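One-letter residues, chain by chain:
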Amino acid sequence: QVQLVESGGGLVQAGGSLRLSCAASGTIYSITAMGWYRQAPGKQRELVAGVISGGSTNYADSVKGRFTISRDNAKNTVYLQMNNLKPEDTAVYYCNVKMWVTGTPPFHDYWGQGTQVTVSS
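First things first, this report covers the structure right here in the doc. Since this is a predicted model, take the numbers as computed values, not measurements. (Residues numbered from 1 in each chain as written. Predicted model: local features only at pLDDT ≥ 70, side-chain atom pairs only at ≥ 80, totals over all residues. Heavy atoms only, no water.)

Re the packing of aromatic side chains
Each aromatic ring pair is summarised here by two numbers: the centre-to-centre distance and the angle between the ring planes.
Move 1: Inspection of every chain in the model, using the stated rule, returns three aromatic pairs.
Move 2: Where Tyr29 meets Trp100, the ring centres are 4.9 Å apart and the plane angle is 75 degrees; that geometry is what we call edge-to-face. In this pair, Tyr29 sits in strand β4 (residues 28-39) while Trp100 sits in strand β9 (residues 91-101), placing the two residues 71 residues apart along the sequence.
Move 3: Judged by its relative accessible area of 30%, Trp100 is partly exposed. (Phe/Tyr/Trp six-rings, centres within 6.5 Å; stacked < 30°, edge-to-face > 60°. Helix = DSSP H or I, 4+ residues; strand = E, 2+ residues; numbered from the N terminus. Buried < 20%, exposed > 50% of the residue type's maximum accessible area, 1.4 Å probe, protein only.)

Structural notes on the sheet that holds strand β8 (residues 77-82)
Move 1: With antiparallel pairing, four strands are arranged side by side in an open sheet as β1-β3-β8-β7. Two strands close off the open sheet at either side, each with one partner strand: β1 (3-7) and β7 (67-72). On average, each strand axis in the sheet is inclined to that of its neighbour by 15 degrees, with strand direction left out of account.
Move 2: Bridge count for β1 against strand β3 (residues 18-25) is five bridges, and the pairing is antiparallel. Counterpart to Gln3 in the pairing with β3 is Ser25. (Pairing = 2+ DSSP bridges. Axes fitted to C-alpha atoms, helices over the stretch in contact; angles between N-to-C directions.)

If you want it as structure tokens, here you go:
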């Protein structure tokens, strides 16, 4: 059984900061990529930031310079530090982990339950 547990969402004023975390647990053989997506009401889910096993990162243009993604391989955890938040960052944020779980096909996508981030103006 694999679980992705997210935490850190909430309500913050514009210009504020939040830190999201997502911990993967279970019989994990290997993790190749971890990332964060978000979905605002009426919009499609979009990639916010990703980090691969080698440490390379990528960001959506809208968050470059404000958000930082990092991972702790020992804890199978990915973080998203969000600074200078804007009202347009309001969305449900989902973590995504591409991993190989013992006894299943390799490098399947797993999703967290989602955490609400609301930025007031």
